[in-house]
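What follows is the residue order along each chain.
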2 protein chains.
Amino acid sequence: MPRRQAETWETGKARKRVVIEGVKPAVDGGRFPIKRTVGEKVTVEADIVTDGHEVIAAQLLYRREQDLDWQRAPLTPLVNDRWQGEFQVTDLGRWRYAIAAWVDRFRTWQRDLAKRVDAGQDVAIEMLVGAGFMEEAQARAPKAAAKKLGDKAKILRGEGSLEEKLATAQDPALTELMSRYPDQRFISIYDKNLTVVVDPVKARYSTWYEMFPRSAATEPGRHGTFKDVEARLPYIAGMGFDVLYLPPVHPIGRTNRKGKNNNPVAEPDDVGSPWAIGAAEGGHKAVHPDLGTLEDFCRLVEKAREKNIEVALDLAYQGSPDHPYVKEHPGWFRWRPDNTVQYAENPPKKYEDIYPFDFETEDWQELWEEFKSIVLFWIEQGVRIFRVDNPHTKPFHFWEWLISDIKKDYPEVFFLAEAFTRPKVMYRLAKLGFSQSYNYFAWRHTKWDLAQYLTELTRTEVREYFRPNLWPNTPDILTEYLQFGGRPAFMIRLVLAATLGASYGIYGPAFELWETRPREPGSEEYLDSEKYEIRHWDLERPDSLKDFIARVNRIRRENPALQQDWNLHFYPVDNEQLICYSKFSGDLANNILVVVNLDPHHTQGGWLELPLGELGLDSGQPYQVHDLLGESRFLWHGPRNYVELDPKVAPAYIFRVRRRVRTERDFDYYL
Amino acid sequence: MPRRQAETWETGKARKRVVIEGVKPAVDGGRFPIKRTVGEKVTVEADIVTDGHEVIAAQLLYRREQDLDWQRAPLTPLVNDRWQGEFQVTDLGRWRYAIAAWVDRFRTWQRDLAKRVDAGQDVAIEMLVGAGFMEEAQARAPKAAAKKLGDKAKILRGEGSLEEKLATAQDPALTELMSRYPDQRFISIYDKNLTVVVDPVKARYSTWYEMFPRSAATEPGRHGTFKDVEARLPYIAGMGFDVLYLPPVHPIGRTNRKGKNNNPVAEPDDVGSPWAIGAAEGGHKAVHPDLGTLEDFCRLVEKAREKNIEVALDLAYQGSPDHPYVKEHPGWFRWRPDNTVQYAENPPKKYEDIYPFDFETEDWQELWEEFKSIVLFWIEQGVRIFRVDNPHTKPFHFWEWLISDIKKDYPEVFFLAEAFTRPKVMYRLAKLGFSQSYNYFAWRHTKWDLAQYLTELTRTEVREYFRPNLWPNTPDILTEYLQFGGRPAFMIRLVLAATLGASYGIYGPAFELWETRPREPGSEEYLDSEKYEIRHWDLERPDSLKDFIARVNRIRRENPALQQDWNLHFYPVDNEQLICYSKFSGDLANNILVVVNLDPHHTQGGWLELPLGELGLDSGQPYQVHDLLGESRFLWHGPRNYVELDPKVAPAYIFRVRRRVRTERDFDYYL
């Protein structure tokens, strides 16, 4: 009867006196995984407290999801009951982490013993208390250790001198031995399913090039093929790209096909939008006959990989009215009262060449499975990266299921979300599993906007799940800045994308040939867009930016500091047109400082101010900044230095910062 | 076979397209309840998004925990996909809240129809789509509503004019009708056990007076009794207090009893510390014979309640060596190798008159039940408020169990935590169920410290679970500020406590008689502390602060703005010794502005600056500030005004701010 109420309490929990809370990182309390790439570290923090004044022992637990046993890493106290530890994720896939903590009565006893002795108190009884702890540990320890512990306990119980007993009690070897066999009867475990998804390194550091294969023919007028793209690989690799993203390569619908410049009526020879997927020749698992065969595609994937280029495929879950699904699975579409399929629309705009799928269909399970089988099909052809078209128009739950299910068997596969949508939706999709995301970079042009936005992406909790991929242009986005800024604007946006983001991409050859013509004033659509027609590009035009791009990408390759996002810091410049930021490596061995003139029209100069201490620079010593773009070198003194950039010549400095390591009486030598 | 994988997904979840996240308030994601008092509102916010562009419908759900059905309140969108709604907690006890949201295809259809019509599109088919939605709702609706819906659908399907159909489709009455029978097949419910604990109003707004009953005798030398305390009720009520907190009233141990001024050796007539609970006469359920009988105590509780004063009892889970538990339940204590019970200590300090309980005992269930029975015993005697001694030295889980268990049957009972400990522990205890908490106010003296700390307590998430009770002094805390600042220092700290905090308390008569003598220099202990001896106080001393306290407490009673914490805002003053803050009621009907001179020695003057717009004041009109302490009135103009305070006269203004409602040509009349 007196036990009635307390028994309703979880018996196992009642005597666990340590509580663990405020664990970071944890996205929405562990509802979503955090993200890392292979070889990165996870630094974990938590508030750990107990009642009373006893000493707490705490450990960080971690394991690959498929492993049974936890591995352990130390947690050490910072201030204000905050503890910290870290572990490294050495393999692809899902990892778990948790925290264990308990009251350490032995170390409490050691600490208090010292205080008692200092205060001159009699500690005879205390020695027996300590011996008791050792004997308990003895019972938990294997033979050899048990013997040692027993021997020590005997000293404390024995007739020896106080000095001998104290030396035994406080012996670091004893502390270490005791810590191996702790009393964990009342251990508290914080295990809220905290998960790390470990992606390949390319999910963090990647350099994307998008192109339309059908525009890859060497001569004008001909429909480009996978073989043409293969022939262009040296050009792409030469610029330093390592992901080649192709818009959909499937058969294109004929019904309601769009003509050039999005004309609702197509001419007979118009090629249509690659996103109007599906025709008599097949759907999402077929290739467009004019591009070649599936074998050609697979060969392209292989040849690209030989040059360290991954081919990324477009994943657009929508069909043209001619898609085989329409007849085979009418239940996957929404039907209108006039017995036609509901086409895509954003009223009053209509996209009659495209049918969306009805995710509210009773047949959703078949639909999901079919969509998954599309991904598996292309994985079998060698594809490892998918760029997902408009994921924000398909249900969140679907993505969470699809991506986690695919990554279970293929942890090396990853997905880029093209979710140009509301911020909360963009972030939610990232939480659900997308490894990279397009974002608002294309529309951030002022210093304030850029610093504000990139700080949000790289210095707040967002970075735990959202990896930005920065694109200055795409086939849908030709910003006014690029339209009016000319060649310098393209250089500026390239340097910004390539140095602000560990991952960035361009849509070429429109980018390197700085295509600036919009379909109409005020539009961000390209005139004569490749979305609706084949274009022929003169890749060898002397004013092409390909060499500049190659140089920037080589700088990225040679400087590990530029291959990560979390190390981005902005600094003040007294000119609003000049932006300054650094990416320093953790060990300060590779230190990059970037200054960009955001004004594509005029020379701009200004004083920038660096926090030398944070950058590991000695304020009393000069330091060298070496511009990796233009190869000039400057010797700077103190925090304030003047810079000037003429956009016609070079709109940016990408400095490698070198600390002086000898005095000026030595030969000049910089680390 | 193709169904295999998707079936592992929760079938019920797959087609729920709306997601709800970022729900506030929620303490640690719903692990702990938020707190309110009866009649308060709960404002709930959430991010609610769906894929695509459809219109979302959302509701706030709430109910008393014991009710089966949710009540509903509207949620309305703010910006950036954030939604907000509120509900009122009208009863004591636990309430639950949740959020429901779904895609509203009917309102999507209405919205898009307008766009289509504006664009001059043919909407004949659309009318049939709309009729379909109405017919579906018809099937869900009761008879009368169903008929209406059917009639409307017929109009849309009929041969009438476009105008007639459009008028029907966009009729607000139809919108309202449809919203009553929505298609909620794929409704998303965010129900993470979000809980509100609703306390009595006194948990938010209370004015505490602590005194030692044994010092309540009218003549020196006699041991005070409950009857003496009863006789003092008019004095306490006269000062405006509504909680009378008594240190433990139980028999006091004799073994190792402490003498005056914490002398380890007691004289035969020394009365000992009331916190050394338990003797031959009984333990936690007995009263000290010298204080009177249990009946006397109950009568005191009753008489106090007649004056709107609740008697708060001290709950100190510890025993003297003479406590009956020691013999009856030796297993509840920790034993030393010399077969003595482990006394309380914080090495090298020893408290040999006190035995702590061993919460790690195998008999923890009996221990917990016994402790609960103590609370129930005193509840049966009429006690509704418990001040808990050092809760941070007992396990967290115990408190969570005890408090929630007690409040299940007695939701009007509440607990004040005396957790003068590390900040994370203090906050954790509040999360676990303590309705009020002592805090660091006593040691916050500078303007910066006070503003910083009170802002943390009242303007951050902390306020959802932590209700501060501000004490300028306690029997353990005589701050240096009070020791050296004299009478003005006590006035200053009283005004600060009483106006910064909706709940505050003093330890008297030491406070109103501004007792300043520490046991020794540098100590915060009182000389001749009542913890160890009986004191006789001259309550009628002419320099007593009792009238000042009465006035301040009357101002609190008459001004609802001072009865809450969340409305506290600090304003700049150009003198570091002057602090200025406001508490305005939500409807701006009761507007209090406080200015305090923190310097107890010198007159201080300065310019303060008020954000007139936020305060509902017209910058072009003068406004009146009426000092409720000194009864002076000032006519102020604009945001900057000069104040000056002489601590010898009055160290503070407590202004009621009155907006001018007529022009100066009318009689002066202020709202």
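Residues numbered from 1 in each chain as written. Chains lettered and ligands numbered in written order. Predicted model: local features only at pLDDT ≥ 70, side-chain atom pairs only at ≥ 80, totals over all residues. Heavy atoms only, no water.

Draft legend 1. Structural detail: the overall build of chain A. Secondary structure summary: chain A contains 15 helices and 28 strands in total. If you line up chain A on its principal axes, its C-alpha atoms span 105 × 80 × 40 Å. For chain A, the residues scored as buried account for 60% of the 671 residues in total. Total accessible area computed for chain A in this model is approximately 26,800 Å², and 50% of it derives from carbon and sulfur atoms. Averaging the locations of the 90 positively and 101 negatively charged side chains of chain A gives two centres separated by 4 Å. (Helix = DSSP H or I, 4+ residues; strand = E, 2+ residues; numbered from the N terminus. Buried < 20%, exposed > 50% of the residue type's maximum accessible area, 1.4 Å probe, protein only. Areas by Shrake-Rupley, 256 points an atom, 1.4 Å probe, with all protein chains shown as cover. Lys, Arg positive; Asp, Glu negative; His and termini not counted. Charge placed at Lys NZ, Arg CZ, Asp CG, Glu CD.)

Draft legend 2. Quick look at unusual backbone geometry. Residue and element names in this part refer to chain A. Between Lys24 and Pro25 the backbone carries a cis peptide bond, its omega angle lying at -5°. On the secondary structure map, Pro25 appears in the loop between strand E1 (18-24) and strand E2 (34-37). At the junction of Pro347 and Pro348, the peptide bond is cis and its omega measures out at 5° in the coordinates. Relative to the elements of secondary structure, Pro348 occurs in the loop between strand E14 (344-346) and strand E15 (349-351). At Asn339, a position not held by glycine, the phi torsion is positive, near 60°. Inspection of the secondary structure assignment puts Asn339 in the loop between helix H9 (324-328) and E14.

Draft legend 3. Fine view of the interface of chain A and chain B. Facing the 75 residues of chain A at the interface are 75 residues of chain B. Note on chain A versus chain B: buried area summed over both sides is about 7,000 Å², and carbon and sulfur give 53% of it. Looking at the side of chain A facing chain B, the largest losses of area belong to Arg15(A), Glu360(A) and Lys424(A), adding up to 11% of the total buried there. On inspection of chain A and its partner chain B, the count reaches 18 salt bridges. (Contact = heavy atoms within 4.5 Å. Buried area = accessible area lost by both parts, 1.4 Å probe. Salt bridge = Lys/Arg side-chain N within 4 Å of Asp/Glu carboxyl O.)

Draft legend 4. Representation of helix H7 (residues 226-238) of chain B within the structure. All names here are of chain B. The terminal C-alpha atoms of H7, which comprises 13 residues, lie 19 Å apart, in line with the 18 Å expected from a rise of 1.5 Å per residue. Of all the bends found along H7, the most pronounced is centred on Arg232 and spans about 40°, while Pro234, a proline, follows it within four residues. Among the residues of H7, those classed as buried are Phe226, Asp228, Val229, Glu230, Arg232, Leu233, Tyr235 and Ile236. A positive phi of about 95° marks Gly240, the residue just after H7. (Expected span 1.5 Å × (residues − 1). Bend = angle between axes of the 7 residues up to and from the residue.)

Draft legend 5. Quick peek at the environment of Arg459(A). All names here are of chain A. Considering the arrangement of structural elements, one finds Arg459 in helix H13 (residues 447-459). Along the chain, Arg459 and Trp471 lie twelve residues apart, while their C-alpha atoms are 20 Å from each other. At 3.4 Å, the side chain of Arg459 and the side chain of His569 are in polar contact. (Polar contact = N/O pair within 3.5 Å; in protein donor to acceptor, adjacent residues only side chain to side chain.)

Draft legend 6. Focus on the domain arrangement of chain A. Residues and elements named next belong to chain A. Each assigned domain of chain A is listed with its residue range as follows: domain 1 (3-103 + 187-198), domain 2 (106-180), domain 3 (207-317 + 364-563) and domain 4 (568-670). The partner domain 3 presents 16 residues to the 16 residues of domain 1 that form the contact. Carbon and sulfur atoms make up 50% of the surface buried where domain 1 meets domain 3, a total of about 1,200 Å² over both sides. Our count for the domain 1 to domain 3 interface comes out at three salt bridges. Salt-bridge contacts for Arg31 lead to Glu400; the nearest nitrogen and oxygen are separated by 2.8 Å. At the boundary of domain 1 with domain 3, the tally comes to eight residue pairs in polar contact (both at pLDDT 80 or more). (Domains from an automatic or database assignment.)

Draft legend 7. Seen up close, the sheet that holds strand E10 (residues 206-210) of chain A. Read from one edge to the other, the open sheet built from seven strands follows the order E19-E18-E17-E12-E11-E10-E20 (chain A), with strand pairing classed as parallel. Edge positions in the sheet fall to strand E19 (436-437) and strand E20 (503-507) of chain A, since each of these pairs with one other strand and no more. (Pairing = 2+ DSSP bridges.)

Draft legend 8. Examining the packing of helix H2 (residues 105-118) of chain A against helix H6 (residues 172-180) of chain A more closely. Residues and elements named next belong to chain A. The geometry of H2 relative to H6 is characterised by a closest axis approach of 10 Å and an angle of 155° between their N-to-C directions. Relative to H6, the element H2 is oriented roughly antiparallel. The residues of H6 that touch H2, namely those facing Phe106, Arg107 and Gln110, are Leu174, Thr175 and Met178. Here the contact of H2 with H6 is composed, by residue class, of three nonpolar, two polar and one charged. (Axes fitted to C-alpha atoms, helices over the stretch in contact; angles between N-to-C directions. Parallel < 35°, antiparallel > 145°, perpendicular 65-115°, else oblique. Nonpolar A, V, L, I, M, F, W, Y, C, P; charged D, E, K, R; others polar.)

Draft legend 9. Structural view of the environment of Leu500(A). Residues and elements named next belong to chain A. Take Leu500: it is sitting in helix H14 (residues 480-500). For the pair formed by Leu500 and Asp565, sequence separation is 65 residues and the distance between their alpha carbons is 7.4 Å. Ignoring any residue separated from it by four or fewer positions in sequence, one finds Leu500 in contact with Phe441, Leu450, Leu454, Leu470, Val495, Asp565, Leu568, Phe570, Tyr581 and Lys583.

Draft legend 10. Expanded view of the relation of the copies chain A and chain B. Mapping chain A onto chain B leaves a residual RMSD of 0.0 Å; the transformation is a rotation of 180° accompanied by 0.0 Å of translation along its axis. Accordingly, the operation relating the two chain copies is best matched by a two-fold axis. Taking the C-alpha atom as reference, chain A places Gly29(A) closest to the rotation axis, 3.3 Å from it. (Least-squares fit on C-alpha atoms with pLDDT ≥ 70 in both.)

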